[in-house]
Amino acid sequence: MNNPAASPMPAALPGSGRSAGKAVSFAAELQSMLFSLGDARRPLHETAVLVEDVVHTQLINLLQQAAEVSQLRGARVISAEDLLFLMRKDKKKLRRLLRYMFLRDYKSKIIKGMDEDELLEEKLSGSGSAHKRQKIDQDFLSSIDQTGELLAVLEDEEVDEVKQERMERAERQTRIMDSAQYAEYCESRQLSFYKKASKFRDWLDCNSMEIKPSAVAMEIVAYLAYETVAQLVDLALLVRQDMMAKAGDPFGHAISAAFIQYQHSSEGSCLKSCPDSPENTPPATPTAPSSGSQHAGKTPSASLGNGGAGQDSAKAKQRKRKKSTAACGVETHSDAIQPCHIREALRRYSHRLGPLSPFTSAYRRNGMAFLAC
């Protein structure tokens, strides 16, 4: 099954980028998603591109493993059962997916015009197709469940702490918004990969797969793609909070050396590319007044370094610095998630030891842990 020649899909290496679907990009949509999930109002384009590459790589690897499972079953398409099989070990994320599928069934029946009483009757009786997705999930989980743990997930009504934390963060984020900002935020909250199904399939290059995913499977993959973005934001916000300088922090020496090295290298490259930036330009040195001008009593403002024409030159330098800073993309007071936060979050998540080790995925392909399952 690990033989690349026998794999039903072409292998995808992490960080290798998009090959056939390279022309299709979700960077613009991801910037809005990042904003709706807790990032700054104007997320960095570099961060969105990095998140896009991570999500794309993870989904390709996920579809590759699902295709291998489907091939072992003798099926011709990747179905929802193959994805559920891959997620069976993470009960919390499996329960989150099952709730999402239930809500999709509920929404589809409301759109068709069924009232709430009819939906309740079909749920209790189990007849009809009111819960088609949920029925598929329940039948498959019951067929592979030997201990009853998977079926217990269907009946579990425990509060999702991750979802709760995201809602609380969204509530805090919207407190200081005006009406225009809130309208933009609501539009960003409505974005999803599933609403652009055709573009999403082209992005994953599904047409080149020997074993193609079904419609329900693509719905699950689109949901997992959004959950991957959300988890990246969750982890990146923790990393950013962790990297803030705290006076008297006894654990300051434990900051990742890889993060410090990347931070210094990125700052150095930016200073080299922007020699006129405020960080790379020393302040103007005032010139001392000459002794002759003091004794002569002539206008001292013309001889001072920051007076008269000196003030005009200083203002011109400040305007030049602002332009060069904008061209370099440096945001000195920006709260946006940086690419280094995403990389450090992935490093910590993939590490087997440390505070995030209980939450790392059991599925690993090419050294990268799955975020969605």
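Residues numbered from 1 in each chain as written. Predicted model: local features only at pLDDT ≥ 70, side-chain atom pairs only at ≥ 80, totals over all residues. Heavy atoms only, no water.

Engineer: I'd like a description of the overall build of the protein, backed by residues and values.
Structural biologist: The helix and strand tally for the protein stands at 16 helices and two strands. Counting across all 373 residues of the protein, residues that qualify as buried make up 38%. (Helix = DSSP H or I, 4+ residues; strand = E, 2+ residues; numbered from the N terminus. Buried < 20%, exposed > 50% of the residue type's maximum accessible area, 1.4 Å probe, protein only.)

Engineer: Explain the packing of helix α2 (residues 45-73) against helix α16 (residues 339-350) to me, and be specific about the residues and the numbers.
Structural biologist: Helix-helix packing is characterised by the crossing angle of the two axes and by the distance between the axes. One way to put it is that α2 packs onto α16 with a least axis distance of 8 Å and a crossing angle of 30 degrees. Looking at the two axes, α2 sits roughly parallel to α16. Residues E46, T47, L50, V51 and V54 of α2 lie in contact with α16, whose contacting residues are P339, I342, R343 and L346. Among the residues forming the contact of α2 with α16, the class breakdown is six nonpolar, one polar and two charged. (Axes fitted to C-alpha atoms, helices over the stretch in contact; angles between N-to-C directions. Parallel < 35°, antiparallel > 145°, perpendicular 65-115°, else oblique. Contact = heavy atoms within 4.5 Å. Nonpolar A, V, L, I, M, F, W, Y, C, P; charged D, E, K, R; others polar.)

Engineer: Residues and numbers for helix α8 (residues 161-174), please.
Structural biologist: For the α-helix, the turn length of 3.6 residues means that residues three or four positions removed from each other point alike. Look at α8: 20 Å from first C-alpha to last across 14 residues, which is about the 20 Å you get at 1.5 Å a residue. In this fold, the buried residues of α8 make contact with α1 (27-36), α4 (91-111), α9 (179-189) and α11 (215-243). Backbone nitrogen of V162 and a side-chain oxygen of the N-cap are separated by 3.1 Å at the start of α8; the cap is D160. (Expected span 1.5 Å × (residues − 1). Polar contact = N/O pair within 3.5 Å; in protein donor to acceptor, adjacent residues only side chain to side chain.)

Engineer: Any details on the nonpolar core? Residues and values, ideally.
Structural biologist: Counting 63 residues, the largest nonpolar core has L59, F193, F200 and L204 as its most contacted members. Per-element tally for this core: the top contributor is α11, with 18 residues. Those residues in contact with F193, other than ones at most four positions away along the chain, are F26, L30, M33, F200, W203, A222, A225, Y226 and V229. (Core = buried A, V, L, I, M, F, W, Y, C linked by side-chain atoms within 4.5 Å.)

Engineer: Now, about the pattern of salt bridges: what can you tell me, with residues and values included?
Structural biologist: In total, this model carries 19 salt bridges according to the counting rule given. Here R95 and E158 are joined by a salt bridge, their closest N and O atoms 3.8 Å apart. Of this pair, R95 sits in helix α4 while E158 sits in the loop between α7 (149-155) and α8, and the two are 63 residues apart along the sequence. Of the charged contacts, one joins D242 and R348 as a salt bridge, the two residues approaching to 2.9 Å between their closest N and O atoms. Taken together, the positions of D242 in helix α11 and R348 in helix α16 put the pair 106 residues apart, joining distant regions of the chain. When its relative accessible area of 40% is taken as the criterion, D242 is described as partly exposed. Bridged by salt links that share partners, the residues R96, D160, K163, R166, R169, E227 and D234 form one connected network. (Salt bridge = Lys/Arg side-chain N within 4 Å of Asp/Glu carboxyl O.)

Engineer: How would you explain the confidence of the model for the protein if you had to name every residue and give the values?
Structural biologist: Across the protein, the average pLDDT comes to 74, with 59% of residues at 70 or higher. For the protein, helix α14 (residues 300-303) is the element with the lowest average pLDDT, namely 44, and α1 is the one with the highest, namely 95. Between residues 1-17, whose pLDDT stays under 50, and residues either more than four places distant or in other chains, the model counts 31 contacts. Contacts from residues 267-275, a stretch scored under 50 in pLDDT, to residues over four places away or in other chains number 11 contacts. (pLDDT = per-residue confidence, 0-100.)

Engineer: Hey, could you go over the environment of S79 for me, with residue numbers and the actual values?
Structural biologist: Its place among the elements puts S79 in the loop between α2 and α3 (80-86). The residues contacting S79, other than those within four sequence positions of it, are R73, S214 and A217.

Engineer: Please give an account of the packing of aromatic side chains that cites residues and values.
Structural biologist: Going through the model one piece at a time under the given rule, you end up with nine aromatic pairs. Between the aromatic rings of F26 and W203, the centroid separation amounts to 5.2 Å while the plane-to-plane angle is 70 degrees, which identifies the pairing as edge-to-face. Remark: W203 occurs in helix α10 (residues 197-204) and F26 occurs in the segment before α1; sequence separation between them is 177 residues. In this structure W203 comes out as buried when scored by relative accessible area, which is 0%. Considering the side-chain rings of F193 and F200, the 5.5 Å spacing of their centres and the 50 degrees angle between planes classify their relative orientation as tilted. (Phe/Tyr/Trp six-rings, centres within 6.5 Å; stacked < 30°, edge-to-face > 60°.)

Engineer: With reference to specific residues and values, describe the packing of α1 against α2.
Structural biologist: With their axes 9 Å apart at the nearest point, α1 and α2 run at an angle of 105 degrees to one another. As far as their axial angle goes, α2 and α1 are roughly perpendicular. Residue-level inspection shows A27, L30, Q31 and L34 of α1 in contact with α2, the latter providing H45, T47, A48, V49, V51 and E52. Within the contact of α1 with α2, the residues separate by chemical class into six nonpolar, three polar and one charged.

Engineer: If you had to explain unusual backbone geometry to someone new, which residues and values would you point to?
Structural biologist: Phi angles above zero are rare outside glycine, and D205 is one such case at about 55 degrees. The class for D205 is partly exposed, based on a relative accessible area of 24%.

Engineer: Break down the environment of R99 for me, with residues and values.
Structural biologist: On the secondary structure map, R99 appears in helix α4. For R99, a relative accessible area of 30% puts it in the partly exposed group. Spatially, the C-alpha atom of R99 lies 8.3 Å from that of L154, the residues being 55 residues apart in sequence. Apart from residues lying up to four places away in sequence, R99 is in contact with D156, E157, E158 and D160.

Engineer: Pulling in residues and values, what's your account of α10?
Structural biologist: Three or more residues of α10 are buried, namely F200, W203 and L204. The buried side chains of α10 occupy one side of the element, clustering within an arc of 90 degrees when seen end-on. Check the buried side of α10 and you find it contacts α2 and α11. Immediately downstream of α10, the backbone of D205 shows phi near 55 degrees, a positive value. (Arc of directions from axis to C-beta.)

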